[in-house]
Amino acid sequence: MAASVIRRRREGTGVNLIIEKNVMVPMRDGVRMATDVYRPEGDGPFPVLVQRLPYGKEVPGLRNLSFDVLRGAQAGYAVVVQDTRGRFASEGEFNPFFDEAADGADTVAWAAAQPWSTGRVGMIGGSYFGATQWLAAGQAPPALAAIAPFVTTDQYYEGWAYQGGAFQLGFNLHWTLSALGLAELQRRLVAGSATPEQFGALVAAVDANEELYRRTPLRGLPELKGIAPYYDDWLDHPSYDGFWRSCAPREHYGDITVPALNMGGWYDLFLKGTIANYTGMRAAGGSAAARDLQRLVIGPWAHGPVSGWFPERGFGLLSGADAADVTGMQLRWFDHLLKGEDNGFEGDKPVRVFVMGAGVWRDEDDWPLPGTEFVDYHLGGEGRANTAAGDGTLGTAPPAGTAYDAYLYDPRDPVPTVGGGTFLPGLNVGVNAGPRDQREVERRADVLCYTTEPLAEPLEVIGPVEAVLHVSSSAPDTDFTAKLVDVHPDGRAENLADGILRVRYRESLSEPRLMEPGQVYEVRVDLVATANLFRAGHRIRLEVSSSNFPRFDRNTNTGGTIAEESAEDFRPALNRVHHGGEHRSRLVLPVIRRR
């Protein structure tokens, strides 16, 4: 494929741009990557920003997902946009994550060696494009000076394929079918190695995505046969083992020597990894600059909608990525680190978060915020916490008595996913992501609700959130879910953060251990984090259950996995949450008291 050159002037800028299309860049093994270059007209040289994506460099909405490419070129950068290996116009075969380190390092080296380049390179992009940045950075390419990963994570087991040991079915199946599988089959169709009937069958599967969530076993879906073999690879590795460690950026922080501008969302499914990259690099980065110049920005965004507006909730005009000027934020970052401009960047506080409920951005000194008071809110009641109309209580004083709340978890009738950090069909219109009213869910008998009295004064909660539960089950393995909810005076129950734990992973994500039925265990459910002002008159609620479907796969309660088992193997489980006395079940909230 021959490269083509386009000259254009971006309206209103006065800057002529040269766009080179489909430059075929060779990797170390000879496979060539289709690459576009956007740069100002003239000899330069210019610092370079590299973006590598698997979704098609010709699609403006994806190419500009977290960074306006033409604006970057207008600002004096050569912006390199590349289809990753085996995707669209690039050669080779696509295997998510495993080729991105070497290919990214080779692309950075190529960009640094071009005659229009200063030799200083940064990387940009969100989601999988963020993965290509961290994996390349782990190779420590000499020309790489900074990265700006948006809504991405620190590994591809916990927080991507799995969370708390549960498979992220909603995201992974939808992503594989629609974003990965369709493009692969389209590519084969053009090459003559697939038929229109095969393509039509996959389109039908995408349309029937929600029905496919209920198909069992999960492994061996015929719709993905020969198209996305990696999907079964993920299911074949349900623990954090060598397969996952070999491609995890978190295992190589000491090799990463560049600063990172980490950007995420409170309702993004990769929030945990975004925060982990910031804190992990601050502690263990491979250079003083990597440790000292980490930055963290979190807005009220989901994975996809980054406007700050959702069908049931809006966070105001200043909450969106456009108002926050995410591209401008990155340009200022790169102007300092790639161009050497003294623009005051190093004097900024390292953490910037949007506080929901208050509707304001706050600049902070670190994460968790210095001075955070971790407050225990104890679960209580007389043993009838089922539904929001039950007697479950939540308070800072331990309950006077002891009790337990019980419910039957039946994987044939799981609690439905309503909002949160999801990536489900309908994502682009925000239908299934972000803040949603939980009252319908809270009417179910298999959802325990623990609620405070109305707050006498506002309470600011910013930081990591955890539920410490004392649980037992009739099954050798089951799941426990936890959800933090802001209950408004009119009864609206708005979700803020949630998590799940497959109890076999209570001690380690690498070494599962089944339960003894009836024995009480202390388990910790990671709800990741939030930033919210609970206003006076509002109440704080913790929901506890055993499913959140289809966001997470269903635990069969047998000790086996739904990857291999069918619906005929499902068993109901009688699950209990114990509280009071020696069973200090509690919600741990990061309280900020400003004076």
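Residues numbered from 1 in each chain as written. Predicted model: local features only at pLDDT ≥ 70, side-chain atom pairs only at ≥ 80, totals over all residues. Heavy atoms only, no water.

Named according to an unreviewed UniProt entry, the chain is Xaa-Pro dipeptidyl-peptidase C-terminal domain-containing protein originating from Pseudonocardia kunmingensis.

Structural notes on unusual backbone geometry
The following threshold applies: The numbering of helices and of strands both runs from the N terminus, where a helix is a DSSP run of H or I of at least 4 residues and a strand a run of E of at least 2.
Cis rather than trans, the peptide bond between threonine 216 and proline 217 has omega equal to -10°. For proline 217, the position within the fold is in the loop between helix H7 (209-212) and helix H8 (230-235). In this structure, proline 550 follows phenylalanine 549 across a cis peptide bond, with omega equal to 15°. As for its position among the elements, proline 550 is in the loop between strand E24 (539-545) and strand E25 (573-579). Residues other than glycine seldom take positive phi values, yet valine 151 does so here, at roughly 40°. Inspection of the secondary structure assignment puts valine 151 in the loop between strand E7 (144-150) and strand E8 (162-163). A positive phi angle, near 75°, is found at threonine 387, a position not held by glycine. As for its placement among the helices and strands, threonine 387 is situated in the loop between strand E16 (373-380) and strand E17 (393-395).

Considerations on the domain arrangement of the chain
The cut-off we apply is this: Where each domain starts and ends comes from a domain assignment, either automatic or drawn from a database. Two residues qualify as a contact provided that any one of their heavy atoms is within 4.5 Å of a heavy atom in the partner residue. Buried area is understood as the total, over both parts, of accessible area removed when two parts are fitted together, assessed with a 1.4 Å probe. By convention in these notes, a salt bridge is any Lys or Arg side-chain nitrogen within 4 Å of a carboxyl oxygen on Asp or Glu. Gly is placed with the polar residues, together with every amino acid not listed as nonpolar (Ala, Val, Leu, Ile, Met, Phe, Trp, Tyr, Cys and Pro) or charged (Asp, Glu, Lys and Arg).
Taken as a whole, the chain is organised into domain 1 (17-158 + 244-299), domain 2 (166-237) and domain 3 (372-592). Look at where the C-alpha atoms of domain 1 and domain 2 centre, and you get two points 26 Å apart. Listed as interface residues are 16 residues of domain 1 and, on the opposing side, 11 residues of domain 2. Regarding the contact of domain 1 and domain 2, the summed buried area is about 1100 Å², with carbon and sulfur atoms giving 59% of it. If you sort the residues of domain 1 by the area they bury against domain 2, Arg87, Trp244 and Leu269 come out on top, with a joint share of 37%. Along the contact surface separating domain 1 from domain 2 lie 0 salt bridges. The class makeup of the residues in the side of domain 1 that touches domain 2 is 10 nonpolar, 4 polar and 2 charged.

Side note on the packing of helix H5 (residues 169-191) against helix H6 (residues 196-207)
Test applied: Where helices are involved, their axes are fitted lines through C-alpha atoms of the stretch in contact, as for all axes, and angles between N-to-C directions lie from 0 to 180°. Our angle categories are set so that under 35 degrees counts as roughly parallel, over 145 as roughly antiparallel, 65 to 115 as roughly perpendicular, and the remainder as oblique.
Direction vectors running N to C along H5 and H6 enclose 170°, while the axes themselves pass 10 Å from each other. Classified by the angle between their axes, H5 and H6 sit roughly antiparallel to one another. Across the interface between the two elements, Leu177, Ser178, Gly181, Leu182, Leu185, Gln186 and Leu189 of H5 pack against Pro196, Gln198, Phe199, Leu202, Val203, Ala205 and Val206 of H6. Taken together, the residues that form the contact of H5 with H6 break down as 10 nonpolar, 4 polar and no charged.

Quick notes on the nonpolar core
For the record, the criterion: By nonpolar core we mean a set of buried residues, namely Ala, Val, Leu, Ile, Met, Phe, Trp, Tyr and Cys, connected to one another through side-chain atoms within 4.5 Å. When a residue's accessible area, from a 1.4 Å probe over protein chains only, is under 20% of the maximum for its type it is buried; when over 50% it is exposed; and in between it is partly exposed.
Counting residues in each nonpolar core, the largest one holds 146 residues, and the members touching the most others are Trp175, Trp266, Trp367 and Ile540. Considering each element in turn, this core owes the most residues, 9 residues, to strand E23 (residues 521-534).

Section: the packing of helix H3 (residues 100-113) against helix H4 (residues 128-137)
Where H3 contacts H4, the axes come no closer than 7 Å and their chain directions differ by 80°. Between H3 and H4, the interaxial angle falls into the category roughly perpendicular. In contact with Glu100, Ala101, Gly104 and Ala105 of H3, H4 contributes Tyr128, Thr132, Leu135 and Ala136. Across the contact of H3 with H4, the residue classes tally to 5 nonpolar, 2 polar and 1 charged.

Re empty space enclosed by the protein
Rule in force here: Residues are called lining when one of their atoms sits within 4 Å of a cavity or pocket point, these points coming from a 1 Å grid over the protein atoms alone, where a cavity is a set in which a 1.4 Å probe fits but cannot get out and a pocket is an open set with protein on both sides within 12 Å along at least five of seven lines. Grid points are joined across faces, edges and corners, and a volume is the space filled by probe spheres set on the points.
Using the criterion set out here, one finds 4 cavities of 30 Å³ or more in the structure. Those elements that provide at least two residues to the lining of the largest cavity are strand E10 (261-267), helix H10 (271-284), strand E22 (493-502) and E23. The element best represented in the lining of the largest cavity is E22, accounting for 4 residues. Looking at side-chain class alone, the lining of the largest cavity contains 9 nonpolar, 5 polar and 4 charged residues. Here the lining of the largest cavity gathers at least three residues from each of two domains, domain 1 (17-158 + 244-299) and domain 3 (372-592).

Some thoughts on the pairing of strand E3 (residues 32-40)
A regular strand places its side chains on the two faces of the sheet in alternate fashion. Rules: We call two strands paired when DSSP finds no fewer than two bridges between them.
Most of E3 sits out of view: 8 of its 9 residues are buried. Joining the antiparallel neighbours strand E2 (residues 16-26) and E3 is a turn of 5 residues, in which glycine 30 adopts a positive phi near 90°. Note: E3 against strand E5 (residues 78-83), 4 bridges, orientation antiparallel. Note on E5: the bridge partner recorded for aspartate 36 is valine 81.

Overview of the pattern of salt bridges
The tally for this structure, following the rule as stated, stands at 50 salt bridges. For lysine 21, the salt bridge goes to aspartate 36, with nearest N and O atoms at 2.6 Å. Taken together, the residues span a long stretch of sequence, with lysine 21 in strand E2 and aspartate 36 in strand E3 at a distance of 15 residues. The class of lysine 21 is buried, set by a relative accessible area of 12%. Under the relative-accessibility criterion, aspartate 36 is labelled buried at 0%. A cluster of three or more residues bridged by salt bridges with shared partners is formed by Glu312, Arg313, Arg436, Arg492 and Glu494.

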